[in-house]
Each structure stands twice: as structure tokens, then as C-alpha cells.
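Report on the structure
Chain residues, written in single-letter form:
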Amino acid sequence: MLIVDQNRKTIINFDKVDIISIDADDEIWIETINARYFLGEYLTPERTREVLQKFIDEYKNRIPDQNTVFYFIGKFAFGSFPKEK
């Protein structure tokens, strides 16, 4: 599974991820053995947790060995997640 950050500048292979965390500023970060990557920031703690839960659900429901890509949505995006192409 590939993960695309909120700014659409970084693509991360989920197989290389060690930690996904939310910091005190409601930003979502991924850590690998070599680096720490910013994924996205949100206006409220609730929205941050909602986005992280959507990521978890996407990972659980993916088809193994298929090309799954998760796009972190923008900071000011509200409502449901858009369908990715």
C-alpha cells in the first residue's frame, strides 16, 4: 500500500512504516527506520482521528497485493472523503 501526503509531495511504501502517530498539534506523522514524514494536519483533534481511522479502515479493507493508494486529504476539507481515481 502506498501513502500520499497531504501536500502530494511524498509517497511512502506502507511496508516500510514503523510508527504512525498524532502529535500535540494534531498532525499525523509516519516514522520509518530512516526518517520521519509529515502526512497531514487538521483543524480539530476529532478530525485528525477521523482521518487516521479512515486510513486504518482503508488498510484493513484493501486487497492484498493490489495497488492500493491512500491520499491524505487537505487541512480544510470537510465532510466525507472524496473518491480517488
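Residues numbered from 1 in each chain as written. Predicted model: local features only at pLDDT ≥ 70, side-chain atom pairs only at ≥ 80, totals over all residues. Heavy atoms only, no water.

1. Brief notes about the confidence of the model for the chain
The predicted coordinates of low-pLDDT regions are not to be read in fine detail. Here the chain averages 81 in pLDDT, while 82% of its residues score no lower than 70. Counted against residues more than four places away or in other chains, residues 77-85, with its pLDDT under 50, gives eleven contacts. (pLDDT = per-residue confidence, 0-100. Contact = heavy atoms within 4.5 Å.)

2. Notes on the sheet that holds strand β4 (residues 27-32)
If you walk across this open sheet you meet the three strands as β3-β4-β5, and the pairing is antiparallel. With one partner strand each, in any of the chains shown, β3 (17-22) and β5 (36-41) form the two edges of the open sheet. Along the sheet, successive strands turn relative to each other by an average axial angle of 20°, direction set aside. Judged from the five bridges that link them, β4 and β5 form a sheet pairing that is antiparallel. (Pairing = 2+ DSSP bridges. Helix = DSSP H or I, 4+ residues; strand = E, 2+ residues; numbered from the N terminus. Axes fitted to C-alpha atoms, helices over the stretch in contact; angles between N-to-C directions.)

3. Some thoughts on the environment of Ala 35
Relative to the helices and strands, Ala 35 resides in the loop between β4 and β5. For Ala 35, a relative accessible area of 27% translates into the label partly exposed. Residues Ala 35 and Val 17, spaced 18 residues apart in sequence, show a C-alpha to C-alpha distance of 9.7 Å. (Buried < 20%, exposed > 50% of the residue type's maximum accessible area, 1.4 Å probe, protein only.)

4. A look at the nonpolar core
Ranked by size, the top nonpolar core spans 15 residues in total, and within it Ile 3, Ile 28, Leu 39, Phe 55 and Phe 72 carry the most contacts. Ranked by residue count, the leading element in this core is helix α1 (residues 45-61), at three residues. Setting aside residues no more than four positions away along its own chain, Ile 3 makes contact with Thr 10, Ile 11, Ile 12, Phe 14, Val 17, Ile 30, Leu 39, Phe 55, Phe 70 and Phe 72. (Core = buried A, V, L, I, M, F, W, Y, C linked by side-chain atoms within 4.5 Å.)

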